[in-house]
Amino acid sequence: DAAPPRRDTETMAVVINAGRLDFDRKLDFTKLKDACGGELTMFDDDSPTPEAIAERASGHSVVVSKEVPVDVNLLPDTVKLICEAGTGYNNIDLAAARARGITVCNVPSYSTDAVAHLVITFVLNFSATIVPQHVALAKGDRSLFTSSLGTTPHFELTGKTIGLVGGTGAIGTKVAEIARVLGMNVLVWSRSARTEPGKWEARASLKDLLAESDFVSVHCPLNDETRGLIDADAIACMKPTAYVINTARGPVIDETDLVSALRAGAIVGAGLDVQEVEPPVEGSPLYELDNVMLTPHVGWKRLETRQRLMDLVADNVTAYKAGAPVNVVN
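This one's a predicted model, so the numbers in the text were calculated from it and none came from an experiment. (Residues numbered from 1 in each chain as written. Predicted model: local features only at pLDDT ≥ 70, side-chain atom pairs only at ≥ 80, totals over all residues. Heavy atoms only, no water.)

1. Quick word on helix α7 (residues 170-181)
Helical periodicity: at 3.6 residues per turn, an α-helix aligns residues three or four positions apart in one direction. For α7, built from 12 residues, the straight-helix expectation of 16 Å at 1.5 Å per residue is met to within 8% by its first-to-last C-alpha distance of 17 Å. Where α7 terminates, the next one or two residues include Gly183, which has phi positive at roughly 85°. (Helix = DSSP H or I, 4+ residues; strand = E, 2+ residues; numbered from the N terminus. Expected span 1.5 Å × (residues − 1).)

2. Here's the deal with the sheet that holds strand β6 (residues 161-165)
Sheet architecture is open: 7 strands sit in the order β8-β7-β6-β9-β10-β11-β12, paired in parallel fashion. Both outer strands of the open sheet, β8 (201-202) and β12 (292-294), are each paired with one neighbouring strand and no more. Across 2 bridges, the pairing between strand β7 (residues 185-189) and β8 is parallel. Within the sheet, the bridge partner assigned to Leu187 lies in β8 and is Glu201. Running over the sheet, α7 touches β6 and β7 and is turned about 175° from β6. (Pairing = 2+ DSSP bridges. Contact = heavy atoms within 4.5 Å. Axes fitted to C-alpha atoms, helices over the stretch in contact; angles between N-to-C directions.)

3. A few points about the packing of helix α5 (residues 112-128) against α7
Running from N to C, α5 and α7 point in directions that differ by 50°, and their axes come no closer than 8 Å. Relative to α7, α5 is oriented oblique. Crossing of α5 over α7 shows right-handed handedness. Between α5, through Thr112, Asp113, Val115, Ala116, His117, Val119 and Ile120, and α7, the contact on the second element is made entirely by Ala170, Ile171, Lys174, Val175, Ile178 and Ala179. (Parallel < 35°, antiparallel > 145°, perpendicular 65-115°, else oblique. Left-handed = near helix turned anticlockwise from the far one by under 90°.)

These values are about where atoms sit, not about what they do.
Quick look at the structure:
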C-alpha cells in the first residue's frame, strides 16, 4: 500500500484513510490540526489493510479511522487513542484496545439529521414511485405519460405506519418527528422502548411491530444479538405491502433471506443504504432487483455532515489531551 501521506513529518495524529472522508477535497481540517498541535498526517486512500494501518500509525499517539477494520494488536506502542470517525465501532476490538491501554472514542450524533432525512427520502420515493418512473424514462419508455401507473404502488403517507427497530436513539427520534409531520403513525421496538404520547407507541415484541408497519426502518447497532435480526422469520411477519429500510448496519438484515423475500413478493421493496458487504460483491442480486433502492452508504456523506464529523473528532482529541476523554466506548 504505497499511498503517500499529505505530510512527510511525523505528527501527533494520523488519519489513516482520509480518502473515505475527504473524497471531494472540500473538508476543512483546521480544527483537527489545531487540536493536534498544528500538524496532521493524512493518507488519501479509502480502505487500507490492517498491516498498512499499523505502519501508518508508527510514531503517532492518535489514530483517526473511518469504517475500516483496525487490528489493535498490530498497532505500535505509541498509539494511545483511536478516534473512530463515525457512530459505529464494530470494526475495532474494544477488549483488545482496553487490554493495551488504548482509549477508543466515537462520534455518536454527527449524522442524525442526514440519516433521518435519508430514511424519509426512501419513504417518500416508495410512496410516489419516483424510482420506477425515472428508470422507465432512462430506458426511453415514456408510456407512463400516456397511460396509467398500472399496479405500481402509489399512495399517500397520511395514516401509514412506520416501525422503528431499535429506534429510540437520536436518529430514530428524528425519523419519528418527521414522520409525524407527514401524518404517519410511529411504532418503536427495543428492549428499553416505552410509549411516549405524541412521539411513538412502543410494541412489546418485534413481531408485533413488523405485523403492523407499512415501513420498517432499522436503527439498531450491529452486535451478536442484532446480527441477522431481520431474517426470513421476521420478514414473514411483515405485511405483503410493506417496505424495509436499512440505514444502520447491513448485517442486521439477513441479505439472503431478504433477497428471497423480494423475489417472491413477500414484501414490496427495500431501501438499503448499507449492505452485508460494502460494496456488494460483483453479481449480487441487489444490483439487479427492481424492487430495491440501493445506495452506497451515503447517509453520512453530505458535506455539512462530514465537516461536523471532523470537527467533533477534533473535540474528542482535545478532551483526551485535557485528561477528560469523551465519547469513550471501551
